[in-house]
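Listed below, chain by chain, are the residues.
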Amino acid sequence: MLFDSNKGQMAIDYLVGITIFLLTVFFVFQYTSGLFTPFASDSDEITLVADRVATTIIENEMSAQSITTPNLVDKNRVAAFTNLLNVDYNDTIHALGLSGGYYTYNLNITIENSTSVMYIAGEKLPYYGNIGHTKRVVLLEDKNAGTIEAAIVSVKVW
């Protein structure tokens, strides 16, 4: 019985070629993923924290308790909350769930209308680092004057 030597080589050549190709593809993916590592950020997590805090502040702390308009905030409650955040920062951060045993976040809140900044509360923003930022459009109701105006609440967490 004679064996043809070319028939046994085809499967081994194919296997070696596919192996080299897959190793090359693996190397290219490993190399290119390392190119963008310095630009990686964990700001997605921080942005989610900022969004959760913005929802808690607007719907619980500053709300005018209107069922028909969930984004209606009371100007007196806004002033009281921003004052509380400036006066008793650490306890307010703890009550919002931003401080714990593992990690503590800082908070800055800015409320502005179409012409000016109305309220600023919390810590000053850092010059570097990841900052989660969420903006919410609200209706600011002044019950004493009987007016309602649009405002933007910016919540920044880092």
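Calculation criteria
Residues numbered from 1 in each chain as written. Predicted model: local features only at pLDDT ≥ 70, side-chain atom pairs only at ≥ 80, totals over all residues. Heavy atoms only, no water. Salt bridge = Lys/Arg side-chain N within 4 Å of Asp/Glu carboxyl O. Helix = DSSP H or I, 4+ residues; strand = E, 2+ residues; numbered from the N terminus. Buried < 20%, exposed > 50% of the residue type's maximum accessible area, 1.4 Å probe, protein only. Pairing = 2+ DSSP bridges.

Draft legend 1. Representation of the pattern of salt bridges in the model. Across all of its chains, the model carries 1 salt bridge by this definition. With a shortest N-O distance of 4.0 Å, R136 and E59 are connected by a salt bridge. One end of the pair, R136, is in strand 4 (residues 132–142); the other, E59, is in helix 2 (residues 43–61), and 77 residues separate them in sequence.

Draft legend 2. Quick peek at the pairing of strand 2 (residues 107–112). For strand 2, the tally of buried residues reaches 5 of 6 residues, placing the bulk of the element in the interior. Sheet topology note: the strand 2/strand 5 (residues 147–157) ladder contains 6 bridges and is antiparallel. Directly across from I109, in strand 5, lies its bridge partner V155. Two strands pair when backbone bridges link them, and strand 2 and strand 3 (residues 117–122) are joined in this way by 5 bridges, in the antiparallel orientation. Within strand 3, the residue paired with I109 across the bridge is A121. Remark: 4 residues form the turn of the hairpin made by strand 2 and strand 3, two consecutive strands paired antiparallel.

Limitation: the analysis is restricted to geometry and does not speak to function.
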